[in-house]
Amino acid sequence: MWGGRNTMKELFGKLADGTEIHRWSLENGGTRLKVLSYGGIVQSLEIPDREGRYANVSLGFDTIEDYVAASPYFGALIGRYGNRIGAGRFTLDGTSYQLSVNDGENSLHGGAEGFDKRVWDIEPFEQGTDVGLRLQLTSADGEMGFPGTLTTKVTYTLTEDGDWRIDYEASTDRATVVNLTSHVYWNLAGESGGSVLGHELEIAGARYTPVDAGLIPVGEPAEVAGTPFDFRTPKTVGADLRAAHQQLLYAKGFDHNWVLDKGVTAEPEHVATLKDPASGRTLRIATTEPGLQFYSGNFLDGTLVGSGGTIHRQGDALCLETQHYPDSPNRPDFPSTVLRPDRIYRTTTIHSFGA
């Protein structure tokens, strides 16, 4: 189907209860995107290298059964709360809430059945020179322990320049906390390209949030200067990955939130660049969000076989998740993630590709 500007829908598989899962294929501006109704998952994202050769630069699976059984959030939409909430608890307006706990004693990515495991309603659209998908999901009051009925709308857009834009929107009927993000695992050499430790990364953040052994932020944001966390000028992902630094020992690599220099902004601003020198492929990320979670694929353990037929091992991909900070509901000094009925949650992240 590839060539020009296209949108196509097909049956991808069925859940155990018979629910049909569809796959949407989009193309525009030279970027090819495949999205599942299950979890809003990006199953593949293909871009050309400097020679014009296409490769899927995101990790994924071939079957819905694999996603249900084993996926470490490959390509998924994450909610209600991306990242961790300490002890799965927070207090809002004097009321304490206990969330689903699924990461030791903590709540991770919305709990045991977060938005990544829900079936989204999807409608395609064309607007001017853009093509895209509108995804919608309603989360009931009390789901995974979160207060409020949350209506979430996420728009995936491919522009005529080949950018992949994500616009998040949510509303609630009761005060709650929200932190939505996308969990694509990137390997710009291609999903079967092996280690990303030779990729070059730049992050526009002079501080990061140190964590405890459970990867919950502790203390104040720390300066990256003089530490392995300094990506203010481009360096390879692996340059300092094995440095004897307590923060790297806690996370078995990088799995930390960078405090972006720009803070919260009304319009997306550039915050990170990833480059694979071998293929020439580049990814530039712009966002309205104040934080970027850089995860170096530390927990890929060789037990998962991806859609390219390759076993994925530690460091075979990385994530760059634009979001608010982890555990913000318990940290009044962090930018707030509280959403009230009289407000609309809106954030935008743009992924731009080149070679």
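Up top you'll find the structure we're talking about.
Description of the structure in this document. Values in this document were obtained by computation on a predicted structure and should not be read as measured data. Note that residues are indexed from 1 along each chain, following the sequence as it is written. Predicted model: local features are reported for residues with pLDDT of at least 70 only, side-chain atom pairs are reported and counted for 80 or more only, and whole-chain, interface and lining totals are derived from all residues. Note that the side-chain values use all heavy atoms of the structure and ignore hydrogens as well as water.

## Some words on the pairing of strand β2 (residues 20-28)
In this scheme, a residue with accessible area under 20% of its type's maximum is buried, one over 50% is exposed, and one in between is partly exposed, where area comes from a 1.4 Å probe on protein chains only. A run of H or I in DSSP counts as a helix once it spans at least four residues, and a run of E counts as a strand once it spans at least two, with each numbered from the N terminus. Counting buried positions along β2 gives 8 out of 9 residues, so the element sits mostly inside the fold. Strand pairing follows a simple DSSP-based rule, namely that at least 2 bridges must link the two strands. Where strand β1 (residues 6-14) meets β2, 8 bridges bridge the pair, whose relative direction is antiparallel. Across the sheet, Lys9 pairs through a bridge with Trp24, a residue of β2. As paired elements, β2 and strand β3 (residues 31-36) share 6 bridges and run antiparallel to each other. Paired with Asn28 across the strands is Thr31, a residue of β3. As consecutive antiparallel partners, β2 and β3 are separated by 2 residues, and within that stretch Gly29 has a phi angle of approximately 60 degrees, a positive value.

## Considerations on the side chain of Thr337
Mapping Thr337 onto the fold places it in the loop between β27 (319-323) and β28 (338-339). Thr337 sits in the buried class, given a relative accessible area of 5%. Note on definitions: a residue-residue contact is assigned when non-hydrogen atoms from the two residues lie within 4.5 Å. Those residues in contact with Thr337, other than ones at most four positions away along the chain, are Tyr81, Thr176, Val177, Val178, His324, Ser328 and Pro329.

## Considerations on the nonpolar core
By size, the foremost hydrophobic cluster in this structure holds 54 residues, and its most contacted members are Leu45, Tyr156, Trp164, Trp186, Trp258 and Phe294. Not counting chain neighbours up to four residues away, the residues in contact with Tyr156 comprise Val35, Gly40, Val42, Leu77, Phe125, Val131, Gly132, Leu133, Leu135, Trp164, Arg165 and Ile166. By nonpolar core we mean a set of buried residues, namely Ala, Val, Leu, Ile, Met, Phe, Trp, Tyr and Cys, connected to one another through side-chain atoms within 4.5 Å. Judged by nonpolar contacts, the second largest core, of 21 residues, contains Phe12, Tyr38, Ala76 and Tyr295.

## Some remarks on the sheet that holds β1
Within a sheet, each strand pairs with its neighbour through backbone hydrogen bonds, oriented either parallel or antiparallel. With antiparallel pairing, the 5 strands of this open sheet are ordered in space as β1-β2-β3-β4-β5. Looking at which strands have only one partner, the edges of the open sheet turn out to be β1 and β5 (54-56). Within this sheet the neighbouring strands show an average axis-to-axis angle of 15 degrees, counted without direction. As judged from the 3 bridges shared by strand β4 (residues 42-48) and β5, these two strands associate in the antiparallel manner. Bridging across to β5, Pro48 finds its partner in Tyr54. Interaxial angle, 0 to 180 degrees, is taken between N-to-C directions of lines fitted to C-alpha atoms, where a helix line uses only the stretch in contact.

## A short note on the pattern of salt bridges
Should their charged atoms come close, side chains of opposite charge can pair. For this analysis, a salt bridge means a side-chain nitrogen from Lys or Arg found within 4 Å of a carboxyl oxygen belonging to Asp or Glu. Going through the model one piece at a time under the given rule, you end up with 15 salt bridges. Glu27 is the salt-bridge partner of Arg32, the closest N and O atoms lying 3.5 Å from each other. Overall, the relative accessible area of 4% leaves Glu27 in the buried class. The residue Asp116 makes a salt bridge to Lys117 at a minimum N-O spacing of 2.7 Å. We classify Lys117 as partly exposed; its relative accessible area is 34%. In this structure, a network of salt bridges that share partners links the residues Glu27, Arg32 and Glu46.

## Quick word on empty space enclosed by the protein
Think of a 1 Å grid over the protein atoms and nothing else: a 1.4 Å probe that fits but is trapped marks a cavity, an open set flanked by protein within 12 Å on at least five of seven lines marks a pocket, and residues with an atom within 4 Å of a point count as lining. Grid points are joined across faces, edges and corners, and a volume is the space filled by probe spheres set on the points. In the structure shown here, the tally under the stated rule is 3 cavities of 30 Å³ or more. Counting only elements with at least two residues in the lining of the largest cavity, the list comes to β14 (164-172), β16 (181-183), β27 and β29 (345-354). Classification used: nonpolar for Ala, Val, Leu, Ile, Met, Phe, Trp, Tyr, Cys and Pro, charged for Asp, Glu, Lys and Arg, polar for all others including Gly. Residue classes in the lining of the largest cavity are distributed as 6 nonpolar, 6 polar and 1 charged.

## Some remarks on the side chain of Arg84
Topologically, Arg84 is positioned in strand β7 (residues 84-85). Residue class for Arg84 comes out buried when judged on its relative accessible area of 8%.

## Focus: the environment of Gly263
Topologically, Gly263 is positioned in the loop between β21 (255-259) and β22 (269-275). On a C-alpha basis, the gap between Gly263 and Gly291 in space is 7.6 Å, while along the polypeptide they are 28 residues apart. Ignoring any residue separated from it by four or fewer positions in sequence, one finds Gly263 in contact with Thr288, Glu289 and Pro290.

## A few points about the sheet that holds β27
The strand order across the open sheet formed by 5 strands is β19-β18-β21-β24-β27, and the pairing between neighbours is antiparallel. Sheet topology places β19 (222-223) and β27 at the edges, where each strand pairs with a single neighbour. The pairing of strand β18 (residues 207-208) with β21 spans 2 bridges and is antiparallel. Note on β21: the bridge partner recorded for Arg207 is Val259.

## Structural notes on the layout of surface pockets
Empty space left among the atoms is revealed by rolling a probe the size of a water molecule over them. In this structure, the largest pocket spans a volume of roughly 540 Å³. Considering the residues around the largest pocket, the lining is formed by 26 residues, among which Glu289, Ile344, Tyr345, Arg346 and Thr347 are closest to the centre. Mapped by element, the contributors of at least two residues to the lining of the largest pocket are β13 (150-158), β14, β28 and β29. Per element, the largest residue contribution to the lining of the largest pocket is 4 residues, and it comes from β29. When its residues are assigned to classes, the lining of the largest pocket shows 10 nonpolar, 8 polar and 8 charged. Lining the second largest pocket are 19 residues; nearest its centre among them are Tyr73, Leu108, Tyr185, Tyr295 and Phe299. Of all elements in the fold, only β24 (291-295) and β25 (301-305) reach the threshold of two or more residues within the lining of the second largest pocket. A total of 3 residues in the lining of the second largest pocket trace back to one element, the largest contributor, which is β25. In terms of residue class, the lining of the second largest pocket is built from 8 nonpolar, 6 polar and 5 charged.

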